[in-house]
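# Per-entry structural report
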Amino acid sequence: MTLPASLDEAVAALAAMPAAVPVAGGTDLMAAVNRGLLRPAGLVGLGRINEIRGWQYQDGHALLGAGLTHARMGRPDFAALIPALAAAARAAGPPQIRNAGTLGGNIASAAPTGDALPVLAALEATLVIAGPEGARREIPVSHLLAGREMLAPAELIGHVSVPLLHAPQVFLKATGRTGPGRATASVAVVLDPARRGVRCAVGAIAPMPLRPLEAERWIASLIDWDGERAALAPEALNAFGEYVAAACIPDPAPAADGTPGPALSPAVLHLRRTVAALARRALGRALS
């Protein structure tokens, strides 16, 4: 294993060994290796790169190092900065996973159940990509998660730029009956009073987080942004939850002759109800 001391050294190592795989916490990588899904020809360890293990402020944004662990993001000082991301980090799994797993690894692996992903989508975060010869480029996190801008073999996620909204934000997730673990559904809701907007992202139910944009615009139009209290009636919260769930898990399309499509299975209906409940609760907590 190669152990570079800087991002540029890590990029150079990957350029010299195109078949090598970068590894930080290794929680997803080693799971894939243990299942026989991956046999890397070499590893480039990122654990000694101090520049990606903290964060700094930059033009109204927090520039988060890709090497930040879930445990570090779960601490109170980080929670005061980006509450929803801290909540997602605390929900990422047992202590051994939170201590090892990193923000950059969560993004790079792009597993649908990654807890940070819907939060980053709702926050409209931007990735700072490190390339050869000191090159840096920025792409929206949603583009990478959708596979529209794949990383080149000698590129790494160096930092994540997150707008500091200084407004309520909530992350909630549902897990299986066995207790805390991988999400069956998750929802992040972020309020943006400066733009009088509500952002919502639903995770774990699709290959990438889903943004119900029409539901966002509809509920934002009902909020009294200039009033002392922005709370909504329970009926509006319920309608928002149903709107989000139907947008993310729609009914099957009718046939060409107009015949209704098949009914959703009980499992899918249960998942839709779960998403509706999470969205309703998340928005209610954000507004309270």
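Above this note sits the structure.
Residues numbered from 1 in each chain as written. Predicted model: local features only at pLDDT ≥ 70, side-chain atom pairs only at ≥ 80, totals over all residues. Heavy atoms only, no water.

## Let's talk about the overall build of the protein chain
Let me state the cut-off plainly: Think of it this way: any DSSP run of H or I at least four residues long counts as a helix, any run of E at least two long counts as a strand, and we number them from the N terminus. The globule rule is 2.2 Å times the number of residues to the power 0.38, and the radius of gyration it is compared with is taken over C-alpha atoms. Classification of residues uses two cut-offs on accessible area relative to the type maximum, computed with a 1.4 Å probe and protein chains only: under 20% is buried, over 50% is exposed, and between them is partly exposed. Only heavy atoms matter for contacts: two residues are in contact if any of them lie within 4.5 Å across the pair. With residues, only the protein chains shown are counted as cover, and all accessible areas are computed by Shrake-Rupley using a 1.4 Å probe. Charged residues are defined narrowly, with Lys and Arg counted positive, Asp and Glu counted negative, and His plus the chain ends left uncounted. Charge coordinates come from a single atom per side chain, which is NZ of Lys, CZ of Arg, CG of Asp or CD of Glu.
The helix and strand inventory of the protein chain stands at 12 helices and 10 strands. Its C-alpha atoms give the protein chain a radius of gyration of 20 Å, within 12% of the compact-globule value 19 Å for 288 residues. Expressed as lengths along the three principal axes of its C-alpha atoms, the size of the protein chain is roughly 55 × 50 × 35 Å. Taken across its 288 residues, the protein chain has 45% of its residues classed as buried. A fraction of 58% describes how many contacts in the protein chain between residues 6 or more apart in sequence connect residues 24 or more apart. Here the protein chain displays about 14100 Å² of accessible surface, and carbon together with sulfur accounts for 55% of that area. Of the charged side chains in the protein chain, 25 are positive and 22 negative, and the gap between their average positions amounts to 9 Å.

## Describing helix H8 (residues 116–123)
Side chains that are three or four residues apart share a direction in an α-helix, a result of its 3.6 residues per turn. Counting buried residues in H8 gives eight out of eight residues, a clear majority hidden from the surface. Looking at H8, one finds that the buried residues are Ala 116, Leu 117, Pro 118, Val 119, Leu 120, Ala 121, Ala 122 and Leu 123. Once H8 finishes, Glu 124 follows within two positions and takes phi at roughly 55°, a positive value.

## Re the packing of helix H10 (residues 213–222) against helix H11 (residues 234–248)
Quick reminder of the rule: Lines are fitted to the C-alpha atoms to define the axes, a helix being fitted only along its stretch in contact, and any angle between axes, read from their N-to-C directions, falls within 0 to 180 degrees. Every angle not falling under 35 degrees, over 145, or within 65 to 115 is termed oblique; those three ranges are roughly parallel, roughly antiparallel and roughly perpendicular. The handedness criterion is simple: a crossing whose near helix is rotated anticlockwise from the far helix by less than a right angle is left-handed, and one whose near helix is rotated clockwise is right-handed. Amino acid classes used here: Ala, Val, Leu, Ile, Met, Phe, Trp, Tyr, Cys and Pro are nonpolar; Asp, Glu, Lys and Arg are charged; the rest, including Gly, are polar.
Direction vectors running N to C along H10 and H11 enclose 165°, while the axes themselves pass 9 Å from each other. Judged by the angle between their axes, H10 and H11 are roughly antiparallel. Considering only the axes of H10 and H11, their crossing is right-handed. For the pair H10 and H11, the contacting residues are Glu 214, Ala 215, Trp 218, Ile 219 and Leu 222 in the first and Ala 236, Ala 239, Phe 240, Tyr 243 and Val 244 in the second. When its residues are assigned to classes, the contact of H10 with H11 shows nine nonpolar, no polar and one charged.

## Focus: unusual backbone geometry
Note: most residues except glycine have negative phi, and most peptide bonds are trans. In this model, Glu 124 sits at a positive phi of 55°, which is unusual for a non-glycine residue. Tracing the sequence through the fold places Glu 124 in the loop between H8 and strand E5 (126–130). What makes Glu 124 partly exposed here is its relative accessible area of 38%. Phi angles above zero are rare outside glycine, and His 166 is one such case at about 50°. Mapping His 166 onto the fold places it in the loop between strand E7 (156–163) and strand E8 (169–175).

## Thoughts on the pairing of strand E4 (residues 61–65)
Put simply, the test is: Note on pairing: DSSP must find at least two bridges between two strands before they are called paired.
Here E4 lies mainly inside the structure; four of its five residues are buried. Across four bridges, the pairing between strand E3 (residues 55–58) and E4 is antiparallel. Paired with Tyr 57 across the two strands is Ala 62, which belongs to E4. A loop of two residues connects E3 with E4, the two strands running antiparallel in sequence, and Asp 59 in this loop sits at a positive phi of about 55°. Two strands pair when backbone bridges link them, and E4 and E7 are joined in this way by five bridges, in the antiparallel orientation. Its bridge partner being in E7, His 61 is matched across the sheet by Pro 163.

## Details of the packing of aromatic side chains
This is how it is decided: Put simply, two rings from Phe, Tyr or Trp (the six-membered ring, in Trp's case) pair if the centres are within 6.5 Å, and we call them stacked under 30 degrees between planes, edge-to-face over 60, tilted for the rest.
Within the structure shown, the criterion is met by two aromatic pairs. Considering the side-chain rings of Trp 55 and Phe 78, the 5.1 Å spacing of their centres and the 80° angle between planes classify their relative orientation as edge-to-face. With a gap of 23 residues between them, Trp 55 in strand E3 and Phe 78 in helix H4 (residues 76–81) connect regions that are remote in the sequence. Ring centres of Trp 218 and Tyr 243 lie 5.8 Å apart, and the angle between their planes is 55°; on these two criteria the pair is classed as tilted. Here Trp 218, found in helix H10, pairs with Tyr 243, found in helix H11; they are 25 residues apart in sequence, far enough to count as distant. Since its relative accessible area comes to 30%, Trp 218 is described here as partly exposed.

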